[in-house]
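# Residue-level structure breakdown
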Amino acid sequence: MKYPRNVAVLGGNRIPFARAGKAYKNVSNQDMLTAALDGLVARFSLQGELLGDVAAGAVLKHAKDFNLTREAVLGSALDSRTPAIDIQRACATGLDGISLVANKIALGQIEVGVGGGVDSTSDAPIEVSNDLRALLHRLNTAKTTKDRLKVLKDIRPGHLKPSAPSAAEVRTGLNMGQHQALSTERWGITREEQDEIAYNSHKNLMEAYEKGFFDDLMTGYQGLDRDENLRVSTREKLASLKPVFGGSEGTMTAGNSTPLSDGASTVLIASEEWANEHGHQPLAYIRDIHTRSVDFVNGADLLSAPAYAAPEMLERHGLTLDDMDFVEIHEAFAATVAMILKAWEDEEFGKNELGLPGAFGTVDPAKLNVYGSSLAAGHPFAATGGRIVASTAKMLYEAGPGKLALISICAAGGQGTVALLESAR
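Rules used in this analysis
- Numbering of residues starts from 1 in each chain and follows the order in which that chain's sequence is written.
- Reporting in this predicted model follows two pLDDT cut-offs: at least 70 for local features of residues, and 80 or more for side-chain atom pairs to be given and counted; totals over whole chains, interfaces and linings ignore these cut-offs and use all residues.
- The side-chain values count all of the structure's non-hydrogen atoms but skip hydrogen atoms and water molecules.
- For helices the rule is a DSSP run of H or I covering at least 4 residues; for strands it is a run of E covering at least 2, with both sets numbered from the N terminus onward.
- Pairs of residues are marked as contacts when any of their non-hydrogen atoms sit within 4.5 Å.
- Here the accessible surface of atoms and residues is derived via Shrake-Rupley with a 1.4 Å probe, and residues count as covered only by protein chains that are part of the display.
- His is not counted, nor are the chain ends, whereas Lys and Arg count as positive and Asp and Glu as negative.
- Working definition for charges: the position is that of NZ of Lys, CZ of Arg, CG of Asp or CD of Glu.
- Any pair of nitrogen or oxygen atoms within 3.5 Å is treated as a polar contact; in protein, a donor-acceptor pairing is required on top of that, and neighbouring residues in sequence qualify only through side-chain atoms on both sides.
- Buried means the residue's accessible area, taken with a 1.4 Å probe over protein chains only, is under 20% of the maximum for its type, while exposed means over 50%, and partly exposed covers the values in between.
- We treat two strands as partners when DSSP finds at least two bridges between them.
- We define a salt bridge as a contact between a side-chain nitrogen of Lys or Arg and a carboxyl oxygen of Asp or Glu at a distance within 4 Å.
- For a helix, the expected span equals 1.5 Å multiplied by the residue count minus one.
- The angle between two axes is taken between their N-to-C directions and runs from 0 to 180 degrees, where each axis is a line fitted to C-alpha atoms and a helix contributes only its stretch in contact.
- What sets the label is the angle itself: under 35 degrees gives roughly parallel, over 145 gives roughly antiparallel, 65 to 115 gives roughly perpendicular, and the rest give oblique.
- Working rule for handedness: look at the near helix, and if it is turned counterclockwise from the far one by less than a right angle, call the crossing left-handed; if clockwise, right-handed.
- Three residue categories are used. Nonpolar comprises Ala, Val, Leu, Ile, Met, Phe, Trp, Tyr, Cys and Pro, charged comprises Asp, Glu, Lys and Arg, and polar comprises the others, including Gly.
- Only the six-membered ring of Trp is used, alongside the rings of Phe and Tyr, when aromatic pairs are assigned; centres must lie within 6.5 Å, and planes under 30 degrees apart are stacked while those over 60 apart are edge-to-face, with the rest tilted.
- Two limits define a charge over a ring: the Lys NZ or Arg CZ must be within 6 Å of the ring centre, and within 35 degrees of the ring normal.

## Section: the overall build of the chain
A tally of helices and strands in the chain yields 14 helices and 12 strands. The principal-axis extent of the C-alpha atoms belonging to the chain is close to 75 × 55 × 40 Å. Partitioning the contacts of the chain with sequence separation of at least 6, the portion at a separation of at least 24 is 80%. Counting every atom, the chain has about 18,000 Å² of accessible surface; 50% of that belongs to carbon and sulfur. One way to put it: in the chain the 42 positive side-chain charges average out to a point 8 Å from where the 53 negative ones average out.

Next comes the structure, spelled out in structure tokens:
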């Protein structure tokens, strides 16, 4: 499978990611997405430009934000006639937004567009009870003051209890951490393995900041100029944390699990012709994007879909893990990364689940999440795809011609989206 024409990643822009309830507690999804978009506009001189499409979304958003991305475009410096669409595939939303725009460019439907995402856990919508919602609908349609007072008299204190946002899967009642804890035990993933992944995430992200890697990928916002969750961590400190998932004997802690976060990211994607006409050097080409699901309701590991999706995608290009120069696996939990790596190295998984003669392969640790990932940067759900694609494209360009990267993002509902990028240098 090959795109009909090259789809180039020209660059990206995001705002620093913040911890929930901290720096971005008083800003909305629309505020953050507009800020990330305007930073991209400024970096690529897109003021007044009419783009082919902007595809983004949020996992958590208020009902009034049904047209969130279009509203962000209208609030930006882009031509106000630029169309926009909201999409949502949980934590893969950003990568799927990029996929939507990339496919349109590949088919010649548009020449340039933006993909990305945003999420605020600080401003997550609060639901009311079903009973109160029914009463409010009656109140809204009441025609007289007497009718409205009658409805108000029916409201009881118990109706006012809000329903807090939850990351629980509807069909199992388990949240992400609880699901991953089951998988962590099933795959025999140790605390030490998880803490080492977390330690490396912070160390690598810190080194990336120190070398200025994010200088042309990020715009400061609300007083932040780097990711709020990033810290100088030590193995000893990580080892001292108590389990938060899996019970008292569990191995998943606040240190090796991603924190609730706020943030937004955007990626500029174009045809080679548009890039040349506007004087922009492509960083990387998108060679493929592929999504897979697993039947987690009947026993599959909830966050394991990328372990299937990546082999399927690479097989149709005649590639293996050994051909990859970079492997970016979203760190929903450190244990998720370890689980995917173990699955790919497992002979039985390769034979029984992937239909291969043996194991899919091994990822060289030196190629894995080389500039850190979600454990250190934070994970505003829909913004993670844009962060990873923009950073990976720049890494590929700096690495030189012919370099390849695999991107892997797990998502709620037993889904996973993966991407194959190639250096455009």
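## A few points about the side chain of Gln 415
In this structure, Gln 415 sits in strand β12 (residues 415-423). A polar contact of 3.3 Å, which involves the side chain of Gln 415, links it to the backbone oxygen of Ala 412. Apart from the residues within four sequence positions on either side, Gln 415 is in contact with Arg 89, Arg 292, Ser 293, Leu 302, Ala 305, Pro 306, Ile 409 and Cys 410.

## Concerning the pairing of strand β8 (residues 261-271)
Burial of β8 is extensive: 11 of the 11 residues sit out of reach of the surface. Where strand β1 (residues 7-14) meets β8, 7 bridges bridge the pair, whose relative direction is antiparallel. Paired with Asn 13 across the bridge in β8 is Thr 266. By the bridge criterion, 2 bridges tie strand β2 (residues 18-19) to β8 in an arrangement that is antiparallel. Following the sheet pairing, Ala 18 is matched in β8 by Asp 262.

## Concerning the pattern of salt bridges
All told, the structure shown has 19 salt bridges when counted by the stated rule. Of the charged contacts, one joins Asp 96 and Arg 89 as a salt bridge, the two residues approaching to 3.0 Å between their closest N and O atoms. Judged by relative accessible area, which is 12%, Asp 96 ranks as buried. Take Arg 89: its relative accessible area is 26%, and that puts it in the partly exposed class. For the salt bridge of Arg 186 with Asp 301, the shortest nitrogen-to-oxygen distance reads 2.3 Å. Of this pair, Arg 186 sits in helix α6 (residues 176-186) while Asp 301 sits in the loop between β9 (284-293) and α10 (305-315), placing them 115 residues apart in sequence. Relative accessible area serves as the criterion here: at 9%, Asp 301 is assigned to the buried category.

## A few points about the pairing of β9
Relative to β9, β1 is paired through 2 bridges, and the arrangement is antiparallel. When the bridges of β9 are listed, Val 9 appears paired with Ala 284. Bridging between β9 and β12 involves 9 bridges; their strand directions are antiparallel. Counterpart to Arg 292 in the pairing with β12 is Gly 416.

## A look at helix α1 (residues 29-43)
For α1, spanning 15 residues, the distance from its first C-alpha to its last is 21 Å, which sits close to the expected 21 Å at 1.5 Å a residue. Considered for burial, the residues of α1 that qualify are Asn 29, Met 32, Leu 33, Thr 34, Ala 35, Ala 36, Leu 37, Gly 39, Leu 40 and Val 41. In the segment just after α1, Ser 45 is the residue with positive phi, at about 50 degrees.

## So, the packing of α10 against helix α11 (residues 334-345)
Two numbers describe how α10 lies on α11: the axes approach to 9 Å, and their chain directions differ by 50 degrees. Here α11 runs oblique to α10, going by the angle between their axes. Taken as a pair, α10 and α11 cross one another with a handedness that is right-handed. Mapping the contact onto sequence places Pro 306, Ala 307, Ala 310 and Pro 311 in α10 and Ile 340, Ala 343 and Trp 344 in α11. Tallied by class, residues from the contact of α10 with α11 come to 7 nonpolar, no polar and no charged.

## Observations concerning the packing of α6 against α11
Contact geometry for α6 and α11: axes closest at 10 Å, N-to-C directions at 40 degrees. The pairing of α6 with α11 is recorded here as oblique in orientation. Read as a crossing pair, α6 and α11 show a hand that is left-handed. From α6, Gln 180, Ser 183 and Thr 184 reach across to α11, where they touch Ala 335, Thr 336 and Met 339.

## With respect to the packing of aromatic side chains
One pass over the full model with this rule turns up 8 aromatic pairs. Between Trp 187 and Phe 349 the ring centres are 6.0 Å apart and the planes differ by 65 degrees, which places this aromatic pair in the edge-to-face class. Remark: Phe 349 occurs in helix α12 (residues 347-352) and Trp 187 occurs in the loop between α6 and α7 (191-210); sequence separation between them is 162 residues. Taken together through their ring pairs, the aromatic side chains of Tyr 209, Phe 213, Phe 214 and Tyr 371 make up a single cluster. One Lys or Arg, Arg 14, reaches over the ring of Phe 17 and ends 4.4 Å from the middle of that ring. A cation sits over an aromatic face here: Arg 425 above Tyr 397, 5.7 Å from the ring centre.

In short, the description is geometric, and any link to function would need to be established separately.
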